[in-house]
Amino acid sequence: GRRPALILGSMLFALGGAVQTVATSAAILICGRLIAGVGCGVTSCAGPAYIAEVAPASIRGAMVGIYQSNVCLAIVAASVLNYYDHSMHDGWRWSLGVQIVVGAVTAIGLFF
């Protein structure tokens with residue numbers, strides 16, 4: 001089903017974020033981006049499908065719309081975070097490290 005795919009995608013997203021956060025070279029950073037990108041791709045495909053499967057027919061469209069709105073809000077939040085930590089020495093690590101928290105919370109939450 002979609003739920004295991006969402007759990008796997010979220011775990012890959014968190015793992016990719018961890019690899020990027022501790023990267024000591026461009027190659028390791030790119031590897032982390034690849035892992036997180038696969039996780040993001042899996043969750044972007046499985047997320048709306050899962051919502052469409054579990055939401056009642058009367059609110060299905062609204063739920064998928066809310067999902068897409070949350071994606072847009074996350075992009076804005078990432079931009080705001082990048083604005084505030086761009087002048088820090090390791091600010092980019094903080095920005096990429098947020099993926100660990102988001103991926104882990106989502107993966108754990110899907111078990112309930």
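Here, every reference points to the structure presented above.
Computed from a prediction, not measured in an experiment: that's the story for all the values here.

Before going further, it helps to examine the layout of surface pockets. To locate leftover empty space, one rolls a probe as large as a water molecule over the atoms. Within this model, the largest pocket holds a volume of roughly 1100 Å³. Mapped onto the lining of the largest pocket, the elements with two or more residues apiece are helix 1 (2-21), helix 2 (26-54), helix 3 (60-85) and helix 4 (91-109). Of the residues in the lining of the largest pocket, the class split is 17 nonpolar, 12 polar and 1 charged.

Mapped onto the elements of the fold, Gln99 is located in helix 4. Residue classification places Gln99 among the buried residues on the basis of a relative accessible area of 11%. For Gln99, the side chain forms a polar contact with the side chain of Gln20, separated by 3.5 Å.

The first and last C-alpha atoms of helix 2 sit 41 Å apart over 29 residues, in line with the 42 Å expected at 1.5 Å per residue. Of all the bends in helix 2, the greatest, near 25 degrees, is centred on Ala46, and the proline Pro48 appears no more than four residues after it. Along helix 2, the residues that are buried comprise Gly32, Ala36, Gly39, Thr43, Ala46, Gly47 and Ile51. Those residues of helix 2 that are buried lie in contact with helix 1, helix 3 and helix 4.

By the definition in use, this model includes 0 disulfides. For Cys31, which is in no disulfide, the shortest distance to another cysteine sulfur is to Cys40 and amounts to 16 Å. The thiol of Cys45 is not disulfide-bonded; the next cysteine sulfur, from Cys40, is found 9.4 Å away. Classification of Cys45 by relative accessible area gives exposed; the value is 61%.

Definitions and limits used
Residues take numbers from 1 onward in each chain, read along the sequence in its written order. In keeping with the model being predicted, local features are shown solely for residues with a pLDDT of at least 70 and side-chain atom pairs are shown and tallied solely at 80 or more, while totals for entire chains, interfaces and linings include all residues. The basis for every side-chain value is the complete set of heavy atoms in the structure, and neither hydrogens nor water enter the calculation. Of the grid points, spaced at 1 Å and generated over the protein atoms alone, those admitting a 1.4 Å probe that cannot get out make up cavities, while open sets with protein on both sides within 12 Å along at least five of seven lines make up pockets; any residue with an atom within 4 Å of a point is treated as lining. Grid points are joined across faces, edges and corners, and a volume is the space filled by probe spheres set on the points. Here a strand is any run of E in DSSP of at least two residues, a helix any run of H or I of at least four, and the numbering for each starts at the N terminus. The residue classification treats Ala, Val, Leu, Ile, Met, Phe, Trp, Tyr, Cys and Pro as nonpolar and Asp, Glu, Lys and Arg as charged. All others, Gly included, are polar. Only protein chains enter the area calculation, which uses a 1.4 Å probe; residues under 20% of their type maximum are buried, those over 50% are exposed, and those in between are partly exposed. Pairs of N or O atoms within 3.5 Å make up the polar contacts considered here, provided that, within protein, one atom can donate a hydrogen while the other can accept it, and that residues adjacent in sequence are counted only when both atoms are side-chain atoms. Working rule for helices: expected span equals 1.5 Å times residues minus one. The bend reported for a residue corresponds to the angle between axes fitted to the seven residues ending at that residue and the seven starting there. Between two residues, a contact is recorded if the distance between any of their heavy atoms is within 4.5 Å. Two cysteine sulfurs form what is called a disulfide whenever their separation falls within 2.5 Å.

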